[in-house]
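# Observations on the model geometry
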Amino acid sequence: MTTQDVARPTYRSLLRNREFRGLVLAQVTSELGDHIARVALASLVLARTDSAFLAVLAFVVSFVPAVFGSALLGSVADRVPRKVVLLACDLGRAVVIGVLALMAVDGTPVWLLLVLLLVAETFSAPFEAAHRSVVPDVL
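The structure contained in this document is the topic of the report that follows.

Definitions and limits used
Residues numbered from 1 in each chain as written. Predicted model: local features only at pLDDT ≥ 70, side-chain atom pairs only at ≥ 80, totals over all residues. Heavy atoms only, no water. Axes fitted to C-alpha atoms, helices over the stretch in contact; angles between N-to-C directions. Helix = DSSP H or I, 4+ residues; strand = E, 2+ residues; numbered from the N terminus. Parallel < 35°, antiparallel > 145°, perpendicular 65-115°, else oblique. Contact = heavy atoms within 4.5 Å. Nonpolar A, V, L, I, M, F, W, Y, C, P; charged D, E, K, R; others polar. Buried < 20%, exposed > 50% of the residue type's maximum accessible area, 1.4 Å probe, protein only. Salt bridge = Lys/Arg side-chain N within 4 Å of Asp/Glu carboxyl O. Patch = residues over 30% accessible without salt bridge, like charges linked within 9 Å, V, L, I, M, F, W, Y side chains within 5 Å. Areas by Shrake-Rupley, 256 points an atom, 1.4 Å probe, with all protein chains shown as cover.

### Re the packing of helix 7 (residues 110-122) against helix 8 (residues 124-138)
- Packing of helix 7 against helix 8 leaves a shortest axis separation of 5 Å and a crossing angle of 20°. What the angle tells us is that helix 7 and helix 8 run roughly parallel. Along its contact with helix 7, which presents Ala120, Glu121 and Thr122, the element helix 8 presents Ser124, Ala125 and Pro126.
- Looking at side-chain class alone, the contact of helix 7 with helix 8 contains 3 nonpolar, 2 polar and 1 charged residues.

As structure tokens, this is what we get:
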């Protein structure tokens, strides 16, 4: 039997799995929210400061934890049950983004908003590690 003889699963067949479908839906929703928050904060910084550099910095800050946090926080996903890591990271990120949205008023310093975004994105590293580990278990 060759590899061509084995039927490969289709996306449709994978999405019939209720748990996998939930993971995909949660991931898409989370990613969409993350991107909206990044663009919104960069736009807010640009509107407040008229500085393209600071607006780009606001956007770049959101990617720093993904680069450096994986090495430091990715191991958390190995020590704690994966589903707990997934839920806790998404909940933590949602709470911090909610605080960020409430703090995005005229009197709040831009640096504080950037720190909140940095904290929110720090939850991404353990989430991604747990997500990569749980998908094969689900399937």
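### A few points about the environment of Gly92
- As for its position among the elements, Gly92 is in helix 6 (residues 82-103).
- Owing to a relative accessible area of 15%, Gly92 belongs among the buried residues under this scheme.

### Regarding the pattern of salt bridges
- A complete count under the given rule lists 5 salt bridges for this structure.
- Here Lys83 and Glu19 are joined by a salt bridge, their closest N and O atoms 2.5 Å apart. Of the two residues, Lys83 is situated in helix 6 and Glu19 in helix 2 (residues 18-49); the sequence distance between them amounts to 64 residues.
- The class of Lys83 is partly exposed, set by a relative accessible area of 48%.
- A relative accessible area of 37% places Glu19 in the partly exposed class.
- For Glu128, the salt bridge identified is with Arg132, shortest N-O distance 4.0 Å. Taken together, the residues span about one helical turn, with Glu128 and Arg132 both in helix 8 at a distance of 4 residues.
- Its relative accessible area of 25% is what places Glu128 among the partly exposed residues.
- Members of the salt-bridge network, linked through shared partners, are Asp34, Asp90 and Arg93.

### Here's the deal with the environment of Leu41
- Within the secondary structure layout, Leu41 lies in helix 2.
- Leu41 gets classed as buried once you look at its relative accessible area, which sits at 4%.
- For Leu41 and Phe59, which are 18 residues apart along the polypeptide, the C-alpha to C-alpha distance reads 7.5 Å.

### A word on a nonpolar patch on the surface
- Together, Val56, Val60, Val64, Val67, Phe68 and Leu118 make up an exposed nonpolar region whose accessible area comes to about 520 Å².
- Secondary-structure elements contributing two or more residues to the nonpolar patch are helix 3 (52-61) and helix 4 (64-73).
- Looking at the element boundaries, Val64 is found in helix 4.

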